[in-house]
Amino acid sequence: MAIRNIREIGDPVLEKTCKEVTEVTPRIQELIDDMFDTLYEANGVGLAAPQVGILKRIVVIDTTGEDPMLLINPKIIETSGEQTGYEGCLSVPGKTGQVTRPNYVKAIAYDENMEPFEIEGTELLARAIMHELDHLEGHLYVEKVEGELQDVEEAEEE
Ligand code: NI
């Protein structure tokens, strides 16, 4: 278990498409454990493998601090509704911006035993799933920001 270095905007690894995971090897399991450690250390809501420099389709999400979720090879199968709100990213420190996302998302993913499962989320969880899946395609939320990217302190004063 270890904290990994979080790659920041401008790093080309954040712009690449990630590869599917075919098997959870001991090395991948270690990556997953480290991703959770890194997420909690940074007080984040989600982290995708490319953010620690690994181009694999692995995402960890925890919207409450008590609800760790691992998504391997996730795919969106349904979305509905719309929400607009502030979003941030551990790879874009100190910044935030308004992004519109679906308000409901259903996805299929694999767990650490490579067993498929469905996950549904609304509001923050739906936003986190969409945001993290974008990372796997090499996209950052800053591409979708409506208006200006703001400093976190400015946005909190509004
Ligand atoms: Ni992010």
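Residues numbered from 1 in each chain as written. Predicted model: local features only at pLDDT ≥ 70, side-chain atom pairs only at ≥ 80, totals over all residues. Heavy atoms only, no water.

**Q** I would appreciate a short explanation of the overall build of the protein in the present structure.
**A** Helix and strand content of the protein: three helices and eight strands. Computed over the C-alpha atoms, the radius of gyration of the protein is 15 Å, within 12% of the 15 Å expected from 2.2 N^0.38 for a compact globule of 158 residues. Based on the C-alpha atoms only, the size of the protein along its principal axes is roughly 45 × 35 × 30 Å. Put simply, the protein has 158 residues, and 46% of those count as buried. Considering only residue pairs separated by 6 or more positions, the protein has 66% of its internal contacts joining residues 24 or more positions apart. Per element, the accessible surface of the protein, about 8,200 Å² overall, is 46% carbon and sulfur. Computed over 13 positive and 34 negative side-chain charges, the inter-centroid distance for the protein is 9 Å. (Helix = DSSP H or I, 4+ residues; strand = E, 2+ residues; numbered from the N terminus. Rg over C-alpha atoms; globule rule 2.2 N^0.38 Å. Buried < 20%, exposed > 50% of the residue type's maximum accessible area, 1.4 Å probe, protein only. Contact = heavy atoms within 4.5 Å. Areas by Shrake-Rupley, 256 points an atom, 1.4 Å probe, with all protein chains shown as cover. Lys, Arg positive; Asp, Glu negative; His and termini not counted. Charge placed at Lys NZ, Arg CZ, Asp CG, Glu CD.)

**Q** I keep staring at the nonpolar core and nothing clicks. Help me out?
**A** For soluble globular proteins, nonpolar side chains are generally found buried alongside one another. Counting 17 residues, the largest nonpolar core has Val-59, Ile-61, Leu-71, Ile-119 and Ile-129 as its most contacted members. Looking at this core, the element that brings in the most residues is helix 2 (residues 123–136), giving seven residues. Residue contacts for Ile-129: discarding those within four places in its chain leaves Ile-61, Ile-76, Val-105 and Ile-119. Residues Val-24, Leu-39, Leu-47 and Ile-72 belong to the second largest nonpolar core, which totals 15 residues. (Core = buried A, V, L, I, M, F, W, Y, C linked by side-chain atoms within 4.5 Å.)

**Q** Please explain helix 2 as it appears in this structure.
**A** Since the α-helix advances by 3.6 residues per turn, residues separated by three or four positions end up pointing in the same direction. Taking 1.5 Å per residue, 14 residues should reach 20 Å; helix 2 reaches 21 Å between its end C-alpha atoms and fits that length. With twelve of 14 residues buried, helix 2 lies mostly within the body of the structure. The positive-phi residue at the C-terminal boundary of helix 2 is Gly-138, with phi of around 85 degrees. (Expected span 1.5 Å × (residues − 1).)

**Q** What is the right way to look at a negative patch on the surface in this model?
**A** Taken together, Glu-153, Glu-154, Glu-156 and Glu-157 make up a surface patch of like negative charges. With respect to the element layout, Glu-156 can be found in helix 3 (residues 152–157). (Patch = residues over 30% accessible without salt bridge, like charges linked within 9 Å, V, L, I, M, F, W, Y side chains within 5 Å. Salt bridge = Lys/Arg side-chain N within 4 Å of Asp/Glu carboxyl O.)

**Q** Before we go on, may I ask you to explain the layout of surface pockets in this structure?
**A** Sizing a probe to match a water molecule and rolling it over the atoms shows the empty space that remains. Estimates place the volume of the largest pocket at around 440 Å³. Along its surface, the largest pocket is lined by 23 residues, and Val-45, Tyr-86, Glu-87, Gly-88 and Cys-89 are the ones closest to its centre. Contributions of two or more residues to the lining of the largest pocket are made by strand 4 (83–87), strand 5 (95–101), helix 2 and helix 3. Top element by residues in the lining of the largest pocket is helix 2. It accounts for five residues. (1 Å grid on protein atoms, 1.4 Å probe; cavity = no way out; pocket = protein on both sides within 12 Å on 5 of 7 lines; lining within 4 Å. Points joined across faces, edges and corners; volume = space filled by probe spheres on them.)

**Q** Is there a simple way to explain the packing of aromatic side chains in this structure?
**A** The geometry of an aromatic ring pair is captured by the separation of the ring centres together with the interplanar angle, meaning the angle of the planes. Taken as a whole and judged by the stated rule, the model has one aromatic pair. Here Phe-36 and Tyr-40 contribute two aromatic rings whose centre-to-centre distance is 6.3 Å and whose plane-to-plane angle is 20 degrees, an arrangement assigned as stacked. In this pair, Phe-36 and Tyr-40 both sit in helix 1 (residues 26–41), four residues apart, roughly one turn of the helix. Classification of Tyr-40 by relative accessible area gives partly exposed; the value is 35%. (Phe/Tyr/Trp six-rings, centres within 6.5 Å; stacked < 30°, edge-to-face > 60°.)

**Q** Would you mind going over the coordination of the nickel ion with me for this structure?
**A** Ideal geometry at a metal centre: 109.5 degrees between donors when four sit tetrahedrally, and 90 or 180 degrees when six sit octahedrally. Looking at the nickel ion, the protein donor atoms are Cys-89 (SG), His-131 (NE2) and His-135 (NE2), and they sit 2.1 to 2.2 Å from it. Along the chain, the residues that donate to the nickel ion are spaced as C-x41-H-x3-H. Of the two residues, Cys-89 sits in the loop between strand 4 and strand 5 while His-131 sits in helix 2, which places them 42 residues apart along the sequence. Judged by its relative accessible area of 9%, Cys-89 is buried. (Donors = N, O, S within 2.8 Å, 3.2 Å for Na, K, Ca; no water.)

Geometric descriptors of this kind do not, in isolation, establish any biological role.
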